[in-house]
Structures are given as C-alpha cells and as structure tokens.
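# A look at the structure
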Amino acid sequence: MKQAVLDKIESEQFCKEAAAFAVGDTVRVHTKVVEGDKERIQIFSGVVIGRRGRGLNEMFTVRRISYGEGVERVFPMHSPRVEKVEVERKGSVRRAKLTYLRKRLGKGATLVKEKEGRAAVSTSADTAEKNSGATLPTQQQG
C-alpha cells in the first residue's frame, strides 16, 4: 500500500521525454539558471562518465576540461532545472563508469572512440590492404 502511494507520487515528477544517451557519449546539457528575477539557459558540454540510480533518483555525471582543469557536474535525470540533453557524438566504451578519464591529460582526457567512425575506418583499411596486395608485381627467380 505504502509503496503504491510512493510510486504514484514519483510518476508525477518524472520528466516527460527521457533522454536517450549512454556512458561515453559527448552531450550538451541545457540547464536553467536563475539570477535574481531573470532565468536563462546555460549549456554544459562534455563526456558522460557515469550514470547511477534508478527511477526518480537517477543521475548522470558529465566531465569536461575547462582552461586546463577538469570539471565534473552531476545532474539529476528528471530535474525541472535540466531543460534538455543533446547528444553531440555517440561513444563506444566497454565500461559503465569512465573514472579513468580523470587521470588523463590533454586530448586523451576527452578521447572516446566514436561508434560509426571505428567501423568505417576498419573497412576502408581492409579494402586498401586488399587492393595493394593484388597490384604487387611478382618477382621471378631465374
């Protein structure tokens, strides 16, 4: 009985459109910022390094490098302050949490392989290798 009442209250608080992104994706998070009586949208872009929680308590962490310093922000998934989440680039990772990016410096800190890019590069390399192997002249010993 008690859990049913809690589920009903939580369902009213859920965000209408769920953002479809995964760990490793590069995203732009549009957040509402209130300054005095004015409200504006501020964009925080970076790599999603983790997701945690379930239901209304679900959160995700975004990391970016700003002026040579690593900055991480944790956003609630269903917060009314989060306007929308745009996926800039899909990433291909094999971990649920990308905490190892904290130790990296420079370009390696934001380097996550793209899903589409990896397949395209391997197929073009394979065809180039086949073509180069077929056109090599054979040497005859005599």
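Residues numbered from 1 in each chain as written. Predicted model: local features only at pLDDT ≥ 70, side-chain atom pairs only at ≥ 80, totals over all residues. Heavy atoms only, no water.

## Observations regarding the overall build of the protein chain
Inclusion rule: Secondary structure is summarised from DSSP: a helix means a run of H or I of at least four residues, a strand means a run of E of at least two, and numbering begins at the N terminus for each. The classification of residues rests on relative accessible area computed with a 1.4 Å probe and restricted to protein chains. Under 20% of the type maximum is buried, over 50% is exposed, and intermediate values are partly exposed. Any two residues whose heavy atoms approach within 4.5 Å are treated as being in contact. What sets the accessible areas is the Shrake-Rupley method with a 1.4 Å probe; for residues, cover comes only from the shown protein chains.
Summing up its helical and strand segments, the protein chain has 2 helices and 5 strands in all. Each helix and strand of the protein chain, placed in order from N terminus to C terminus, yields the pattern α-β-β-β-β-β-α. Within the protein chain, buried positions represent 22% of all 142 residues. Restricting the contact set of the protein chain to residue pairs at least 6 apart, pairs at least 24 apart contribute 52%. On the protein chain, roughly 10,800 Å² of surface is accessible, and the fraction owed to carbon and sulfur atoms is 51%.

## So, the side chain of T26
Assignment of secondary structure puts T26 in strand β1 (residues 26-35). Residue T26 is classed as buried on the basis of its relative accessible area, which comes to 15%. Aside from chain neighbours lying at most four places away, what touches T26 is G46, V47, E86, V87, E88 and R89.

## Quick look at the pairing of strand β4 (residues 69-76)
As a reminder, the rule being used: If DSSP finds at least two bridges between two strands, the strands pair.
Where strand β3 (residues 59-66) meets β4, 8 bridges bridge the pair, whose relative direction is antiparallel. From the neighbouring strand, R64 faces β4, where its bridge partner is V71. With antiparallel pairing between neighbouring strands as the criterion, β3 and β4 make up a hairpin whose turn holds 2 residues, including Y67 at a positive phi of roughly 55°.

## Some words on the sheet that holds strand β5 (residues 82-89)
Where we set the bar: Axes here mean lines fitted to C-alpha atoms, for a helix over just the part in contact, with angles spanning 0 to 180 degrees between N-to-C directions.
Taken in spatial order, the 5 strands of this open sheet run β4-β3-β2-β1-β5, and their pairing is antiparallel. Where the open sheet ends on each side, the last strands, each with one partner, are β4 and β5. Strand-to-strand twist across the sheet, computed as the mean angle between neighbouring axes with direction ignored, equals 40°.

## A look at the pattern of salt bridges
Applicable threshold: Salt bridge criterion: a side-chain nitrogen from Lys or Arg within 4 Å of a carboxyl oxygen from Asp or Glu.
Under the counting rule described, the total for this entry stands at 9 salt bridges. When the shortest N-O distance is used, the salt bridge between D25 and K90 registers 3.6 Å. In this pair, D25 is assigned in the loop between α1 (2-13) and β1 and K90 in the loop between β5 and α2 (115-134), connecting sequence segments 65 residues apart. Here K90 falls in the partly exposed class, since its relative accessible area comes to 32%. With a closest N to O distance of 3.4 Å, K84 and E86 form a salt bridge.

## Brief notes about the pairing of strand β2 (residues 38-52)
As paired elements, β1 and β2 share 10 bridges and run antiparallel to each other. Of the residues in β2, the one forming a bridge with T31 is Q42. Between β1 and β2, which follow one another and run antiparallel, lie 2 residues, and G36 among them has a positive phi close to 70°. Bridge analysis of β2 against β3 gives 5 bridges, and the strand direction is antiparallel. Paired with V48 across the strands is V62, a residue of β3. Taking the residues between adjacent antiparallel strands as the criterion, β2 and β3 are bridged by 6 residues, where G53 takes a positive phi near 90°.

## Considerations on the nonpolar core
So the rule is basically this: Among buried residues, the Ala, Val, Leu, Ile, Met, Phe, Trp, Tyr and Cys ones that are joined through side-chain atoms within 4.5 Å form a nonpolar core.
Core analysis: the largest hydrophobic core is formed by 11 residues, namely F21, V27, V29, F44, V48, F60, V62, F75, M77, V82 and V85. Those elements that provide at least two residues to this core are β1, β2, β3 and β5. Those residues within four positions of V29 in sequence are excluded, and the remaining contacts are Q42, I43, F44, F60, V62, F75, V82, K84 and V85. Grouped together as the second largest cluster of nonpolar side chains are 6 residues, V23, I49, L101 and V112 included.

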